[in-house]
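Understanding the architecture of this molecule
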Amino acid sequence: MARILLAEDDTSMREYLQRALQRVGYEVAAVGCGTEAIPLLETEQFDLLLTDIVMPEMDGIELAQKASAIDPAIRVMFITGFAAVALQGGRTAPEAKLLSKPFHLKDLVMEVDRIFQTEDQHGRL
């Protein structure tokens, strides 16, 4: 079973996404900010980091950079309503999918499934 680390500062959105991804068969650990995610990344194995970009303390881009340094094999997907603003200014993020808010839950599940299907085809899982 694929393991997902979800970092989303909006409590209701975090709980909603966690339940939805668990219902379709993923194991999901959820945290409210990037600084809560780092200890989990250092002690547990995750296949995907699903993170909001705009969060307090540590934004999703910085979190993705740290996650990739800890585990170069981790996949990253950003979920955000502020993609154009957050990705300006020469900041680079690891190769990642981007899903802009608002999105339909089926689109999120489809994109997550697509990430893991691509890995399966290339034998990376």
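Here the structure is a predicted model, which means the values were calculated and not measured. (Residues numbered from 1 in each chain as written. Predicted model: local features only at pLDDT ≥ 70, side-chain atom pairs only at ≥ 80, totals over all residues. Heavy atoms only, no water.)

Let us look at the pattern of salt bridges. Under the defined criterion, the tally for this structure stands at 5 salt bridges. A salt bridge links Arg3 to Glu44; the shortest N-O distance between them is 2.8 Å. With Arg3 in strand β1 (residues 3-7) and Glu44 in the loop between α2 (34-43) and β3 (48-52), this residue pair connects regions lying 41 residues apart in the sequence. On the basis of relative accessible area, Glu44 is assigned to the partly exposed category, the value being 32%. Here Lys66 and Glu62 are joined by a salt bridge, their closest N and O atoms 3.9 Å apart. Of this pair, Lys66 and Glu62 both sit in helix α3 (residues 60-70), 4 residues apart, which is roughly one turn of the helix. Overall, Lys66 belongs to the partly exposed group, its relative accessible area being 34%. Given the relative accessible area of 31%, Glu62 is considered partly exposed. The structure contains a network of salt bridges with shared partners spanning Arg3, Glu27 and Glu44. (Salt bridge = Lys/Arg side-chain N within 4 Å of Asp/Glu carboxyl O. Helix = DSSP H or I, 4+ residues; strand = E, 2+ residues; numbered from the N terminus. Buried < 20%, exposed > 50% of the residue type's maximum accessible area, 1.4 Å probe, protein only.)

In this section: the UniProt feature "modified residue: 4-aspartylphosphate" (unreviewed entry) in the protein chain. Sites flagged by UniProt as "modified residue: 4-aspartylphosphate" (unreviewed entry) map to Asp52. Residue position: Asp52 is located in strand β3. Excluding anything up to four places from it in sequence, Asp52 contacts Ala7, Glu8, Asp9, Gly60, Ile79, Thr80 and Lys101. (UniProt positions renumbered as here; feature names shortened; annotations may be inferred. Contact = heavy atoms within 4.5 Å.)

Bringing the side chain of Arg14 into the picture now. On the secondary structure map, Arg14 appears in helix α1 (residues 11-23). No salt bridge is formed by the buried Arg14; the nearest opposite charge belongs to Glu15, separated by 5.3 Å. Arg14 has contacts with Leu6, Glu8, Asp9, Ala30, Val31 and Gly32, leaving out every residue within four places of it along the chain. (Lys, Arg positive; Asp, Glu negative; His and termini not counted.)

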